[in-house]
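Spelled out from the first residue to the last, the chains are:
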Amino acid sequence: MSKGVFSPKTWLLLAAAVACMAVAPQFLSRFYTYLISLVLVTGLLAMSLNLVLGYGGLYQFHHAVFYGVGAYTFALMRVKTGLPSIWAYLAAPVAALLLSLLIGWICVRLSKLYFGMLQISLGSLVWAIVYRWYSFTGGDDGIHGVPIPEALSSIDNAYYFTSAVTLVCLFVMYLIVNSPFGRVFQATRDNPERSEAIGVNVKRQQLVGLMVAGFFAGVAGSLFVTIEGSVFPDMMFWTLSLEILIMCLLGGWFSFFGPMLGAAIVVVLRTVMGIHTEYWTLILGVMLMLLIFFLPEGVLGYFTARWGSRRRAAMEDL
Amino acid sequence: MEFAAHVSWEALLQQVLVGLSRTTILFIVASGLSLVLGVLRIPNVFHGSLYMIGAFLAYSVAVFIGGPAGFAVALLAAPLGVALISLIVERGLFCRLYEREHLMLLLFTFAFMLVFSDLVKLVWGSDYRSLSLPPMLQGSFTILNLPFPRYNLFLLLVGPVVAFGLWFLTNKTKIGKIARAASVDREMVGAVGINVSWVFAAVFIIGCFLAGLGGALVAPTQNITQGMDHAIIIQAFLIVIIGGLGNIWGALLGALIFGLTDAIGILILPQFAIVFPYAAVVIVLIFRPTGLLKATW
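The structure displayed is predicted, hence computed values, not measured ones.

(A) Spotlight on the overall build of chain B. Of regular secondary structure, chain B possesses eleven helices and two strands. The C-alpha atoms of chain B give 19 Å as radius of gyration, which agrees with the globular expectation for 297 residues (19 Å, within 12%). Along the first, second and third principal axes, the C-alpha set of chain B runs to 60 × 50 × 35 Å. In chain B, which comprises 297 residues, the share counted as buried stands at 54%. Sequence-distant contacts, at least 24 apart, represent 77% of the contacts inside chain B between residues at least 6 apart. Total accessible area computed for chain B in this model is approximately 12,300 Å², and 69% of it derives from carbon and sulfur atoms. Charged side chains in chain B number 15 positive and 11 negative. The centres of these two groups are separated by 11 Å.

Below, the structure is given as structure tokens:
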């Protein structure tokens, strides 16, 4: 980390990307602006999952529940209280963080499939409560017409807000992954016994990792409500969690930006295919099968492996 | 939110009997999942899709043949059809993936779930179907002055038969013993000259047959609809987990917990009845994280 966060070339690329994103709404129709916002939110969600899945090796099978709780917290704060919206934006990630502390604390005692299954059952419990608590969460109808702050009510402004928050989150996530904490976290993935032996508290490390991932999922939840204006229990159903897992895998769960690419593929595919056919999950399913057979490292993982052996080496160091 | 102020013993008994019938279905489906998980180490997500296909197939066969015989044929034909589908899937694709990581296998089966759900939509459409019972199984018995549907009693007979059959198959037959050995040490079993690949295929097909059987049995009791797969698979997975991965008796125990908490939950807090089984699962897992009975892996 001695030569700064990024190399000058990366800064240049980043500046170009930000500039493109800044002018994009001037050229694109409302629909595409909305679509990009949705890709960014979903991508943030997938990348937050990958913090624990790719970097921590934890089978976080029910990540959507933190996303959903973030979204519901935001919506309920807006609907049930008269507090300024900034409180809702702060409460959403905090609620998701607290939930991941609770669920993580129960789950970290287990590993791999057991971890994942216990998490699915805890997450399903949360889902079942939200699904049935009509008087508070609106039950299976969800909450529609959540009041969005005046300044963010147009899709362009919501887009700028979403991209700004997403960029900041990605930057912070990048710093976390490359921090001493992130390095140790990856060590616990690669060799938990040895990490334990050199004095790392593996379970605590994993718990903190889960909380960080939950926090960013909560941010993504509040952003989703900002662009969509509604919440519904499907946001925390387990099928969405597996879909997020697919995004990580599709893009490449051993690369930092892979999940964002995976999210873009799935969201765009769903939206575009959804216009032409109602059988888009069939296409997604077949794609996933082909992927597992031929590109087990994901799309981005595949290309980084082909293009740069140096970057490849760097990735393996991570 | 309404609390049931006074829960009568009659109502409780009736709910327990209903819960036990539901337990039968859950057990049949979960035991198939458990078998596949225990022997092949595949967390098979499309097990729920096979259950849904079983229900739709049973409907189609029963309607096609018609009359009381139609239902009887459907009960046999639907699981066999599902078994055939699973044979194709296993021989075509799965047998090449056994060495992969669990996460990959899980996602691969999830991909199949996505494909199957759309295929069912393509074949049967989006409307829900309902199947009526043959006259012999309609109506109800009176037990302790309580009406109890005949079909539920029929289910209560089928459950133990399946449980015993599975126990016999895995513990007393040659293929069962080979399968258990292969799940522990695949290479060694292969080295003594047994074609492990086909043993795994047989176990997979039996497991999937059970999913289809569960679907066919449930068909007359509820609407046959898209989305059946989502509901059942998560329940089946949780049952397998709380019972202990791969343990058939664990699946029975888990199904009992799931079926009974659901049925009794309706008496206590009707609106939150679906929360009870999940809460029970969480409580079990907090105290016994690896399940109630010994897991096979």
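(B) View of the nonpolar core. Ranked by internal contacts, the top residues of the largest apolar core, which has 202 residues, are A:Phe61, A:Trp238, B:Leu40, B:Phe46, B:Phe94 and B:Leu217. No other element matches the 15 residues that helix H4 (residues 102–124) of chain B contributes to this core. When near neighbours in sequence (up to four residues on either side) are disregarded, B:Phe46 contacts B:Val89, B:Phe94, B:Thr109, B:Phe112, B:Met113, B:Phe116 and B:Phe204.

(C) Seen up close, the side chain of A:Thr271. Residue and element names in this part refer to chain A. One can find Thr271 in helix H12 (residues 258–276). Within the local environment of Thr271, its side chain forms a polar contact with the backbone oxygen of Val267, the two atoms lying 2.7 Å apart. In this structure, Thr271 is in contact with Phe31 and Leu35, ignoring residues within four places of it in sequence.

(D) Representation of the pairing of strand E1 (residues 140–143) of chain B. Residue and element names in this part refer to chain B. Pairing of E1 with strand E2 (residues 146–149), which is carried by four bridges, proceeds in the antiparallel orientation. Bridge pairing in E2 links Ser140 to Pro149. Counting the residues in the hairpin turn of E1 and E2 gives two residues, including Leu144, whose phi is positive at 50°.

(E) A look at the environment of A:Met117. With respect to the secondary-structure elements, A:Met117 resides in helix H5 (residues 112–132). Residue class for A:Met117 comes out buried when judged on its relative accessible area of 3%. With 57 residues separating them in the primary sequence, A:Met117 and A:Gln60 have C-alpha atoms 9.0 Å apart. Those residues in contact with A:Met117 that sit more than four places away from it in its chain are A:Phe61, B:Phe237, B:Leu238 and B:Ile241.

(F) Highlighting the interface of chain A and chain B. Facing 44 residues of chain A, the contacting portion of chain B comprises 47 residues. Contact between chain A and chain B buries roughly 4,200 Å² in total, counting both sides, with carbon and sulfur atoms accounting for 80%. Area buried by chain A at its contact with chain B is led by A:Tyr114, A:Ile292 and A:Phe293, which between them contribute 16% of it. In this structure, the connection of chain A to chain B is made through one salt bridge. Here the element with the most residues in the side of chain A that touches chain B is H5(A); it accounts for 14 residues.

(G) Structural context of the packing of helix H1 (residues 9–40) of chain B against helix H5 (residues 150–172) of chain B. All names here are of chain B. The interhelical angle for the contact between H1 and H5, taken along N-to-C directions, is 25°, at an axis separation of 8 Å. Classed by the angle they form, the pair H1 and H5 counts as roughly parallel. By crossing handedness, the relation of H1 to H5 is classed as left-handed. Taking contact as the criterion, the partners of Val18, Leu20, Ser21, Thr24, Ile25, Phe27, Ile28, Ser31 and Leu35 in H1 are, on H5, Asn152, Leu155, Leu156, Val158, Gly159, Val162, Ala163, Leu166 and Thr170.

Definitions and limits used
- Residues numbered from 1 in each chain as written.
- Chains lettered and ligands numbered in written order.
- Predicted model: local features only at pLDDT ≥ 70, side-chain atom pairs only at ≥ 80, totals over all residues.
- Heavy atoms only, no water.
- Helix = DSSP H or I, 4+ residues; strand = E, 2+ residues; numbered from the N terminus.
- Rg over C-alpha atoms; globule rule 2.2 N^0.38 Å.
- Buried < 20%, exposed > 50% of the residue type's maximum accessible area, 1.4 Å probe, protein only.
- Contact = heavy atoms within 4.5 Å.
- Areas by Shrake-Rupley, 256 points an atom, 1.4 Å probe, with all protein chains shown as cover.
- Lys, Arg positive; Asp, Glu negative; His and termini not counted.
- Charge placed at Lys NZ, Arg CZ, Asp CG, Glu CD.
- Core = buried A, V, L, I, M, F, W, Y, C linked by side-chain atoms within 4.5 Å.
- Polar contact = N/O pair within 3.5 Å; in protein donor to acceptor, adjacent residues only side chain to side chain.
- Pairing = 2+ DSSP bridges.
- Buried area = accessible area lost by both parts, 1.4 Å probe.
- Salt bridge = Lys/Arg side-chain N within 4 Å of Asp/Glu carboxyl O.
- Axes fitted to C-alpha atoms, helices over the stretch in contact; angles between N-to-C directions.
- Parallel < 35°, antiparallel > 145°, perpendicular 65-115°, else oblique.
- Left-handed = near helix turned anticlockwise from the far one by under 90°.

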